[in-house]
Amino acid sequence: MGTHRRPATEAEARALASSVRLRILRLCLDRALTNKEIAGLLDANPATTLHHVRKLVETGFLAAEPSRPGPRGSTEIPYRATGKSWEMDVRDSGVTGANAELLDAFVAQTRRSEHVEEGDFDRLALRLTPEGHAELRRRLREVLDDFRARVPEPDGHAYALLVALHRTEET
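Conventions we followed
Residues numbered from 1 in each chain as written. Predicted model: local features only at pLDDT ≥ 70, side-chain atom pairs only at ≥ 80, totals over all residues. Heavy atoms only, no water. Helix = DSSP H or I, 4+ residues; strand = E, 2+ residues; numbered from the N terminus. Contact = heavy atoms within 4.5 Å. Phe/Tyr/Trp six-rings, centres within 6.5 Å; stacked < 30°, edge-to-face > 60°. Lys NZ or Arg CZ within 6 Å of the ring centre and 35° of its normal. Buried < 20%, exposed > 50% of the residue type's maximum accessible area, 1.4 Å probe, protein only. Pairing = 2+ DSSP bridges. Core = buried A, V, L, I, M, F, W, Y, C linked by side-chain atoms within 4.5 Å. Axes fitted to C-alpha atoms, helices over the stretch in contact; angles between N-to-C directions. Parallel < 35°, antiparallel > 145°, perpendicular 65-115°, else oblique. Left-handed = near helix turned anticlockwise from the far one by under 90°.

J.: So what about the side chain of Asn-35? Which residues, and what values?
T.: Structurally, the position occupied by Asn-35 is in helix 3 (residues 35-42). Not counting chain neighbours up to four residues away, the residues in contact with Asn-35 comprise Pro-46, Thr-49, Leu-50, Val-53, Ile-77 and Tyr-79.

J.: Pulling in residues and values, what's your account of the packing of aromatic side chains?
T.: Under the definition given, this model contains zero aromatic pairs. In this structure, Lys-84 is placed above the aromatic ring of Phe-61, and the distance from its NZ or CZ to the ring centre is 5.0 Å.

J.: Talk me through the environment of Glu-142; I want residue IDs and the actual numbers.
T.: Secondary-structure assignment places Glu-142 in helix 6 (residues 130-149). For Glu-142, a relative accessible area of 33% corresponds to the partly exposed category. Sequence separation of Glu-142 and Arg-26 is 116 residues, and the distance between their C-alpha atoms is 21 Å.

J.: Any details on the environment of Ala-134? Residues and values, ideally.
T.: Within the secondary structure, Ala-134 is located in helix 6. Once the C-alpha coordinates of Ala-134 and Pro-78 are considered, the two residues, 56 residues apart in sequence, prove to be 40 Å apart.

J.: Run through the sheet that holds strand 2 (residues 33-34), naming residues and quoting values.
T.: Strands sit in the order 2-6-3 across an open sheet of three strands; the sheet is antiparallel. Where the open sheet ends on each side, the last strands, each with one partner, are strand 2 and strand 3 (62-64). When strand 2 meets strand 6 (residues 78-81), the two strands line up antiparallel, connected through two bridges. For Leu-33, the partnering residue across the bridge sits in strand 6 and is Tyr-79.

J.: Describe the nonpolar core, naming the residues involved and giving the relevant values.
T.: By size, the foremost hydrophobic cluster in this structure holds 22 residues, and its most contacted members are Leu-16, Ile-24, Leu-25, Cys-28, Ile-38, Phe-61 and Leu-62. Broken down by secondary-structure element, the contributors of at least two residues to this core are helix 1 (10-16), helix 2 (19-27), helix 3, helix 4 (46-58), strand 6 and helix 5 (98-112). Non-local contacts of Leu-25, meaning those with residues more than four positions away in its chain, are made with Leu-16, Leu-56, Phe-61, Leu-62 and Ala-81.

J.: How would you explain the packing of helix 3 against helix 4 if you had to name every residue and give the values?
T.: Between two packed helices, the angle of one axis relative to the other and the distance separating the axes together describe the packing. Closest axis-to-axis distance for the helix 3/helix 4 pair is 9 Å, and the angle between their directions is 115°. Judged on the interaxial angle alone, helix 4 and helix 3 are roughly perpendicular. Between helix 3 and helix 4 lies a crossing of right-handed hand. The residues of helix 4 that touch helix 3, namely those facing Asn-35, Ile-38, Ala-39 and Leu-42, are Pro-46, Thr-49, Leu-50 and Val-53.

Read these as layout, nothing more, since geometry by itself doesn't imply function.
Printed below as a string of structure tokens:
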């Protein structure tokens, strides 16, 4: 049975309705990164990324790990994604724009990848009844939940997956 996703609070949904924050979560999934490292990977201003990092920590999507010594006597705080976003559903939060931001984050991340030509991209048009639509969503979620529950392979490569099931114009 698939993971039961609880409804996101308004604050959680707003935190996820940002392509920058979604990219930060992806960057911090496999390893803890400092704000400076995150800013460098995003090619962004560290003050701007710190604003986003703080919002993600405040809402429980990022967790601070123990501080460590940085350059010239500074102290660095690395952050790691908690995986909390997988456990919730933002659709009924009343916050709009989350899907567009998710798509923007995926496109930005994919375009920056040196491996984009190695990607598997498929597209399929369907005509489904409400029951067929529900079945497809359930079965896709089961596959995603199965892979999400697996222990990461230490020698594995990082992959990203976006499944978008959306209504199209009637033909």
